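Spelled out, the chains give:
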Amino acid sequence: MEQPLVSVIMGVFNQWDEKILRESVNSILNQTYSRIEFIIWDDGSHPAAARLVKKLTGLDQRIIVAGKENNRGLAYSLNECIRLARGKYIARMDADDISKPLRIEKQVLFLETHPEYGWCGTGAELFDEKGVWGKRLMPEIPQMRDYFRYSPYIHPSVMFRAKIFDENTGYLASEETLRCEDYEIFMNLAGRGQHGYNLQENLFYYRETRDSYKRRKVKFRMNEAKIRYRNYKKMGLLFPVGWIYVLRPIAACLIPAKILELVKRYEGSRAKRIESMDCLTGEGLKEMQFQAVK
């Protein structure tokens, strides 16, 4: 197999729905850009679920399945994938999302022609079992203030330059980063002076069901507060308003999951509506992008 330019990496843990898994994997195999390898790390899944992952090797010679019996978390899985990767670029993917056919091609073209950026993400259409219900629009060139509300990148849509993952840079694999390993690595890279970009196209389908808002346990929100504090301090963001956002995940513990769901659904559907309006006015999308990161 020829030397890949792009290594796509995916961590999988107990993905029981083979149809969803196959749809996700096939969305990468069917990209318009084909010079890839696809590294899939099984993170200690139940033997029955692990068999579904192993079956993927028969789909395409570009697929590499690896893993260990013990569950170590997504950050550990991605670090192992990065260790195996041979590509100049490393693209993320999740086992229940879908990449649109032009995603990899457009990200490669951008990074090849914009050496000043270490990674680039995309916008996404939000979907569940009923279909697309909203959109998520990310700031084109995230600034430090854009890290206050939440990560300014859709993690599984991002493509990195492999060279930024040296021996001192990778995902922080610890109990504190469970459920927020993406937020941590982007803050870490930004604190090191690295810069990212978001293509202003929806090149990704991001699965966000009603159950998604029930996953965050109190301990995960407490850990996120610790991650925010540590990284805001390194980034010089604690004062004057950073402290408020350190406490944001803790305050979220007091909000019922149903309310969080309603807020997220409203934001997603509003973004979809404004982007549609932008086709007519040319201004709606710019307004929504500005508001989304405040």
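Placed above this text is the structure.
Residues numbered from 1 in each chain as written. Predicted model: local features only at pLDDT ≥ 70, side-chain atom pairs only at ≥ 80, totals over all residues. Heavy atoms only, no water.

Caption draft 1: Inspection of the overall build of the chain at higher detail. Each helix and strand in the chain was counted, giving 10 helices and 9 strands. Rg of the C-alpha trace for the chain: 19 Å, near the compact-globule value of 19 Å for 294 residues, within the 12% margin. For the chain, the C-alpha atoms occupy an extent of roughly 50 × 45 × 40 Å along the three principal directions. The contacts in the chain between residues at least 6 apart in sequence include a share of 82% that link residues at least 24 apart. Accessible area of the chain: about 14,200 Å², with a carbon and sulfur share of 54%. (Helix = DSSP H or I, 4+ residues; strand = E, 2+ residues; numbered from the N terminus. Rg over C-alpha atoms; globule rule 2.2 N^0.38 Å. Contact = heavy atoms within 4.5 Å. Areas by Shrake-Rupley, 256 points an atom, 1.4 Å probe, with all protein chains shown as cover.)

Caption draft 2: Representation of helix α6 (residues 218-235). With 18 residues, α6 should reach 26 Å at 1.5 Å per residue; the first-to-last C-alpha distance of 26 Å fits that figure. If you check which residues of α6 are buried, you get Phe220, Arg221, Asn223, Glu224, Ala225, Ile227, Arg228, Asn231, Tyr232 and Met235. Trailing α6 by a residue or two, Gly236 shows a phi angle of about 70°, which is positive. (Expected span 1.5 Å × (residues − 1). Buried < 20%, exposed > 50% of the residue type's maximum accessible area, 1.4 Å probe, protein only.)

Caption draft 3: Main features of the packing of aromatic side chains. A full pass over the atoms with the stated rule returns 16 aromatic pairs. Where Trp119 meets Tyr153, the ring centres are 5.6 Å apart and the plane angle is 70°; that geometry is what we call edge-to-face. Separated by 34 residues along the polypeptide, Trp119 in strand β6 (residues 119-128) and Tyr153 in the loop between β7 (131-136) and β8 (159-161) bring together distant segments of the chain. Grouping residues by exposure puts Trp119 and Tyr153 together as buried. Where Trp119 meets Phe186, the ring centres are 6.0 Å apart and the plane angle is 35°; that geometry is what we call tilted. With Trp119 in strand β6 and Phe186 in helix α5 (residues 181-191), the pair connects residues that are 67 residues apart, well separated along the chain. Just as Trp119 is buried, Phe186 falls in that class too. Joined through ring pairs, the aromatic side chains of Trp119, Tyr153, Phe160, Phe165, Tyr171 and Phe186 make up one cluster. (Phe/Tyr/Trp six-rings, centres within 6.5 Å; stacked < 30°, edge-to-face > 60°.)

Caption draft 4: Just unusual backbone geometry, in detail. The amide bond that connects Phe239 to the next residue, Pro240, takes the cis arrangement and shows omega of 5°. One non-glycine residue with positive phi stands out, namely Asn14, at about 50°. Among the secondary structure elements, Asn14 is positioned in the loop between β1 (6-12) and α1 (18-29). A positive phi angle is found at Arg179, which is not glycine, with a value near 80°.

Caption draft 5: Structural context of the nonpolar core. Counting 35 residues, the largest nonpolar core has Val6, Val25, Phe38 and Ile40 as the members making the most contacts within it. The set of elements that each furnish at least two residues to this core consists of β1, α1, β2 (36-43), α2 (47-54), β4 (89-92), α4 (103-113), β6 and β9 (196-207). Filtering out sequence-adjacent residues up to four positions away, Phe38 remains in contact with Val8, Met10, Val25, Ile28, Leu29, Arg62, Ile63 and Ile64. Counting residues in each nonpolar core, the second largest holds 32 residues, with Leu78, Val158, Phe165 and Met235 among its members. (Core = buried A, V, L, I, M, F, W, Y, C linked by side-chain atoms within 4.5 Å.)

Caption draft 6: View of a nonpolar patch on the surface. On the surface, Leu254, Ile255, Ile259, Leu262 and Val263 cluster together to form a nonpolar patch covering roughly 470 Å² of accessible area. Within the secondary structure layout, Leu262 lies in helix α9 (residues 257-281). A relative accessible area of 49% places Leu262 in the partly exposed class. (Patch = residues over 30% accessible without salt bridge, like charges linked within 9 Å, V, L, I, M, F, W, Y side chains within 5 Å. Salt bridge = Lys/Arg side-chain N within 4 Å of Asp/Glu carboxyl O.)

Caption draft 7: Examining the environment of Ile250 more closely. Inspection of the secondary structure puts Ile250 in helix α8 (residues 248-252). For Ile250, a relative accessible area of 31% translates into the label partly exposed. Sequence separation between Ile250 and Val218 is 32 residues; the distance between their C-alpha atoms is 7.8 Å. Excluding residues within four positions of it along the chain, Ile250 makes contact with Met222 and Ala225.

Caption draft 8: Seen up close, the pattern of salt bridges. Scanning all chains against the criterion turns up 17 salt bridges. Salt-bridge contacts for Glu18 lead to Arg22; the nearest nitrogen and oxygen are separated by 3.4 Å. One end of the pair, Glu18, and the other, Arg22, are both in helix α1, 4 residues apart, so they sit about a helical turn from each other. For Glu18, a relative accessible area of 25% puts it in the partly exposed group. Among the salt bridges present, the one from Lys135 reaches Glu275, with a minimum N-O distance of 2.4 Å. Here Glu275 lies in helix α9 and Lys135 lies in strand β7, a separation of 140 residues in the sequence. Judged by relative accessible area, Glu275 falls into the buried class, the value being 15%. A network of salt bridges, in which partner residues are shared, links Glu18, Arg22 and Lys55.

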